[in-house]
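Residues per chain, in single letters:
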Amino acid sequence: MTSRQNGRRRTRGVAVLVASILLIIGLIAWIAVAHQNGAGSDFRGSGNGEEEVVEIPEGSNISALGPELQERGIVASNKAFQSAAAADPDSDNIQPGFYRLEGEMSAKSAVSALLDPNNKVTPLQVYGGATLMDIQVVGGQTRYGILTMIQDVTCGGNATHDCVDVERLQHVAAEADAASLGVPEWAREVVDGRKGDAKRLEGLIVPGEYIIDPGATAEQILTDLVTRSTKVYESTDIEARSEKVGLSPYELVVAASLVEREAPAGEFDKVARVILNRLDKPMRLEFDSTVNYGLEQVEVATTDEDRERVTPWNTYAMDGLPQTPIASPSVEAIDAMEHPAEGNWLFFVTVDKDGTTVFNDTFEQHQEDTRRAIDSGVLDSRR
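Quick notes on the rules
- Residue positions are given per chain, counted from 1 along the sequence in the order it is written.
- In keeping with the model being predicted, local features are shown solely for residues with a pLDDT of at least 70 and side-chain atom pairs are shown and tallied solely at 80 or more, while totals for entire chains, interfaces and linings include all residues.
- Water and hydrogen atoms were dropped before computing side-chain values, which therefore reflect all heavy atoms in the structure.
- UniProt positions are given in the numbering used here, feature names are shortened, and annotations may be inferred rather than shown by experiment.
- By definition, two strands form a pair when at least two bridges between them are found by DSSP.
- Each helix corresponds to a stretch of at least 4 residues labelled H or I by DSSP, and each strand to a stretch of at least 2 residues labelled E; elements are numbered beginning at the N terminus.
- Contacts are residue-level and defined by heavy atoms, with any inter-residue pair within 4.5 Å sufficient.
- Axis definition: a line fit to C-alpha positions, over the contact stretch in the case of helices; interaxial angles, taken between N-to-C directions, run 0 to 180 degrees.
- Just so you know how the angles are binned, under 35 degrees is roughly parallel, over 145 roughly antiparallel, 65 to 115 roughly perpendicular, and the rest oblique.
- Handedness of a crossing follows from how the near helix is turned relative to the far one, being left-handed for an anticlockwise turn of less than a right angle and right-handed for a clockwise one.
- When residues are grouped by polarity, Ala, Val, Leu, Ile, Met, Phe, Trp, Tyr, Cys and Pro land in nonpolar, Asp, Glu, Lys and Arg in charged, and all others, Gly among them, in polar.
- Defined by distance alone, a disulfide is two cysteine sulfur atoms within 2.5 Å.
- Buried and open spaces are told apart on a 1 Å grid over the protein atoms alone, a cavity being a set of points where a 1.4 Å probe fits but cannot get out and a pocket being an open set with protein on both sides within 12 Å along at least five of seven lines. Residues with an atom within 4 Å of a point are the lining residues.
- Grid points are joined across faces, edges and corners, and a volume is the space filled by probe spheres set on the points.
- Annotation comment: domain bounds sourced from an automatic or database domain assignment.
- Ring geometry is summarised as follows: Phe, Tyr and Trp rings, the Trp one being its six-membered ring, pair when their centres sit within 6.5 Å, and such pairs are stacked at plane angles under 30 degrees, edge-to-face over 60 and tilted between the two.
- For every residue, the accessible area obtained with a 1.4 Å probe (protein chains only) is divided by the maximum for its type, and the residue is called buried under 20%, exposed over 50%, and partly exposed between those limits.
- For a lysine, the NZ atom is tested; for an arginine, the CZ atom; a charge sits over a ring if that atom is within 6 Å of the ring centre and within 35 degrees of the ring normal.

Per an unreviewed UniProt entry, the protein chain carries the name Endolytic murein transglycosylase and comes from Corynebacterium imitans. UniProt lists a comment for the protein chain under the heading Sequence similarities (unreviewed entry), and it reads "Belongs to the transglycosylase MltG family." Comment text from UniProt for the protein chain, heading Subcellular location (unreviewed entry), reads "Cell membrane".

Q: Explain the sheet that holds strand β5 (residues 142-143) here, please?
A: Backbone-to-backbone hydrogen bonds pair the strands of a sheet. The strands run either parallel or antiparallel. The strand order across the open sheet built from 3 strands is β5-β4-β7, with neighbouring strands paired in mixed fashion. One side of each edge strand has no neighbouring strand; the edge strands of this open sheet are β5 and β7 (297-298). Sheet topology places strand β4 (residues 135-137) next to β5; 2 bridges connect them, and they run antiparallel. What sits directly across from Gln136, in β5, is Thr142.

Q: I keep staring at the UniProt feature "site: Important for catalytic activity" (unreviewed entry) in the protein chain and nothing clicks. Help me out?
A: Mapped onto this numbering, the UniProt entry annotates "site: Important for catalytic activity" (unreviewed entry) at Glu262. Mapped onto the elements of the fold, Glu262 is located in helix α10 (residues 249-262). Contacts of Glu262, omitting those with residues within four sequence positions, involve Val271, Phe287, Asp288, Ser289 and Phe348.

Q: Is there a simple way to explain the packing of helix α6 (residues 166-175) against helix α8 (residues 218-235) in this structure?
A: Packed helices, taken two at a time, are described by the angle between their axes plus the distance between the axes. At a minimum axis distance of 9 Å, the contact between α6 and α8 shows a crossing angle of 60°. In terms of their interaxial angle, α6 and α8 are classed as oblique. Along this stretch, α6 crosses α8, giving a crossing that reads as right-handed. For the pair formed by α6 and α8, the contact residues are Arg168, Leu169, Val172 and Ala173 on the first element and Ala218, Glu219 and Leu222 on the second. The class makeup of the residues in the contact of α6 with α8 is 5 nonpolar, no polar and 2 charged.

Q: How should the state of the cysteines be read in this particular structure?
A: Simply put, the disulfide is a covalent bond whose two ends are the sulfur atoms of two cysteines. The tally for this structure, following the rule as stated, stands at 1 disulfide. The disulfide partner of Cys155 is Cys163, and the gap between their sulfur atoms is 2.0 Å. The disulfide joining Cys155 to Cys163 has a torsion of about 90° about its S-S bond and is therefore right-handed.

Q: Just checking my understanding: could you explain the layout of surface pockets for this structure?
A: A probe matching the size of a water molecule, rolled over the atoms, marks out where space remains unfilled. Each pocket or cavity is described by its volume, and for the second largest pocket that value is around 370 Å³. Lining the second largest pocket are 21 residues; nearest its centre among them are Glu51, Val53, Thr154, Pro214 and Gly215. Of all the secondary structure elements, the ones that give two or more residues to the lining of the second largest pocket are β1 (51-56), β2 (97-102) and α5 (146-155). Here the lining of the second largest pocket is built from residues that sort into 8 nonpolar, 6 polar and 7 charged. The residue makeup of the lining of the second largest pocket includes at least three contributed by each of domain 1 (51-121) and domain 2 (124-235).

Q: Got a minute to help me understand the packing of aromatic side chains in this structure?
A: Describing an aromatic ring pair means giving the distance of the ring centres and the angle of the ring planes. Inspection of the entire model under this criterion finds 6 aromatic pairs. When the ring of Phe347 is compared with that of Phe363, the centres are 5.9 Å apart and the planes differ by 50°; the resulting orientation is tilted. Highlighted residues: Phe347 in strand β8 (residues 347-350) and Phe363 in helix α15 (residues 363-376), separated in sequence by 16 residues. The exposure class assigned to Phe347 is buried, which follows from its relative accessible area of 7%. Its relative accessible area of 43% is what places Phe363 among the partly exposed residues. Their ring planes at 25° and their centres at 5.6 Å tell us that Phe348 and Phe359 sit as a pair that is stacked. Linking Phe348 in strand β8 with Phe359 in strand β9 (residues 357-360), this pair joins segments that are 11 residues apart in sequence. Phe348 sits in the buried class, given a relative accessible area of 12%. One aromatic cluster is present, formed by Phe287, Trp345, Phe348 and Phe359 through successive ring pairs. Above the ring of Tyr293, the side-chain terminus of Lys199 is found at 4.5 Å from the ring centroid. One Lys or Arg, Arg307, reaches over the ring of Tyr316 and ends 5.6 Å from the middle of that ring.

And the structure:
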């Protein structure tokens, strides 16, 4: 064998060795990447301190959230998040709603944060008889209004410059176009006519539980609440039912708000009948709740001076219904106005602290019952 042949053989051997080494390096790199992709890349720690609000919609689950978390940089990879969720037996208990997380969380930390009830945005709870604005009760108690309750949800209890606070909500409630807010067509004329007053939306948010996106704007939040409430009103066939009792749909909502504020449980339909009977007379309603709505401080027993005040709501000083609702009427109050009890009652009064309410036809009987209420302390004034 010549030296040239030996050289060629050595060259081929070196080439084969180099190719083999490169193949081995490539194989190792491929295995590493495959392993990493299988497990999913992951951040370390519980987050970078920057709040990120995420939503698990109704009908969805935690698994469907993974791609969004990766896209937004909350977790490093969907695969790591799915692995962490699968490893935690409690992850199936995570409910729909909005949650406060942070950017750059480890997958395990993200799952733990979703399981922590302190990170779930509290739903808005609107109770029957709630008002848009806060009410100061004589004696120091404050009944927080719907706008304050929305602020608590969106701001997490701490109002900051970038969260939806009461001031922003009031501005939208007072100035936004009624139609764009989802106000029902039968209420738009009144609402548009009271532009500049946030109370024009009173009664148009139905009591119930609402899941609110804390990252939404004031207009988006109010539009969502009013639009959903409009659907509730329409589901009661309010336009046809109101015509049967001789009211417009908006007037029926106004009257239902009086029922909500005046009637004890179980007596809604009777108070509805009193309202309709008085309107038919015609006879002033003279409800203390309508006096209180225009006052800075309220209590059950109103004063003679307060009852003489002329406001858009005081039914002692005006004929007919208030110009707007005075609270959020429940579906039960709406139903009571749509289906009032049969009776000739013109008066009613709660006569004891157990809530016993007496209905009658004559002013003389009503005076006797009112004296019983005074004697029992129900109508004591604290002013």
